[in-house]
Amino acid sequence: MKILFAIKAMGNPGGGAERVLALVASGLSCRGHDVLVLTYDRADSPSYYPLDAGISCLRLGIGSASRPTNLLETLRRVVSLRSNVARIRPDVVIGFNASMFVPLWLALIGLRLPLIAS
């Protein structure tokens, strides 16, 4: 199964949702699933929590996880999310936290993909 996990950032230290994502995504990857993690992080931003070597990461580089976003940035994120998810064609999308789930929900309208909010 191709599983796309999406979260605002994985590069920040100490986040509980980030830790859970890393553990669940790594466990599913070890079980043979095709796992991808998508974030708004910069392309050169490493994950604070280790991910299984079989996991691909897509860092969109839109905005900063350390400050609130504005409307234009949110729209850029929604457009980028939609085009990237449509290109990836996962079997299921799992969005972590409202900062990712809400834009992801908007981006997936009409794509007929199952979306899980965590």
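Residues numbered from 1 in each chain as written. Predicted model: local features only at pLDDT ≥ 70, side-chain atom pairs only at ≥ 80, totals over all residues. Heavy atoms only, no water.

> What's the story with helix H1 (residues 16–30) in this structure? I'm lost.
For an α-helix the count is 3.6 residues per turn, leaving residues at separations of three or four pointing the same way. The terminal C-alpha atoms of H1, which comprises 15 residues, lie 21 Å apart, in line with the 21 Å expected from a rise of 1.5 Å per residue. Turning to H1, its buried residues are Ala17, Glu18, Leu21, Ala22, Ala25, Ser26, Gly27 and Ser29. Elements in contact with the buried residues of H1: strand S1 (2–6) and strand S2 (34–39). Once H1 finishes, Gly32 follows within two positions and takes phi at roughly 100°, a positive value. (Helix = DSSP H or I, 4+ residues; strand = E, 2+ residues; numbered from the N terminus. Expected span 1.5 Å × (residues − 1). Buried < 20%, exposed > 50% of the residue type's maximum accessible area, 1.4 Å probe, protein only. Contact = heavy atoms within 4.5 Å.)

> Quick question: what am I supposed to make of the confidence of the model for the protein here?
Regions with low pLDDT carry predicted coordinates that are not meant to be interpreted in detail. Looking at the protein, pLDDT values average 93 and 100% of them are 70 or higher. Model confidence for the protein, summarised as mean pLDDT per element, is weakest for helix H3 (residues 98–107) at 92 and strongest for S1 at 98. (pLDDT = per-residue confidence, 0-100.)

> Could you clarify how one ought to interpret a nonpolar patch on the surface in this entry?
Taken together, the side chains of Val102, Trp105, Leu106 and Ile109 define a hydrophobic patch exposed on the protein surface, amounting to about 380 Å² of accessible area. Take Leu106: it is sitting in helix H3. On the basis of relative accessibility, which here comes to 39%, the residue Leu106 falls in the partly exposed class. (Patch = residues over 30% accessible without salt bridge, like charges linked within 9 Å, V, L, I, M, F, W, Y side chains within 5 Å. Areas by Shrake-Rupley, 256 points an atom, 1.4 Å probe, with all protein chains shown as cover. Salt bridge = Lys/Arg side-chain N within 4 Å of Asp/Glu carboxyl O.)

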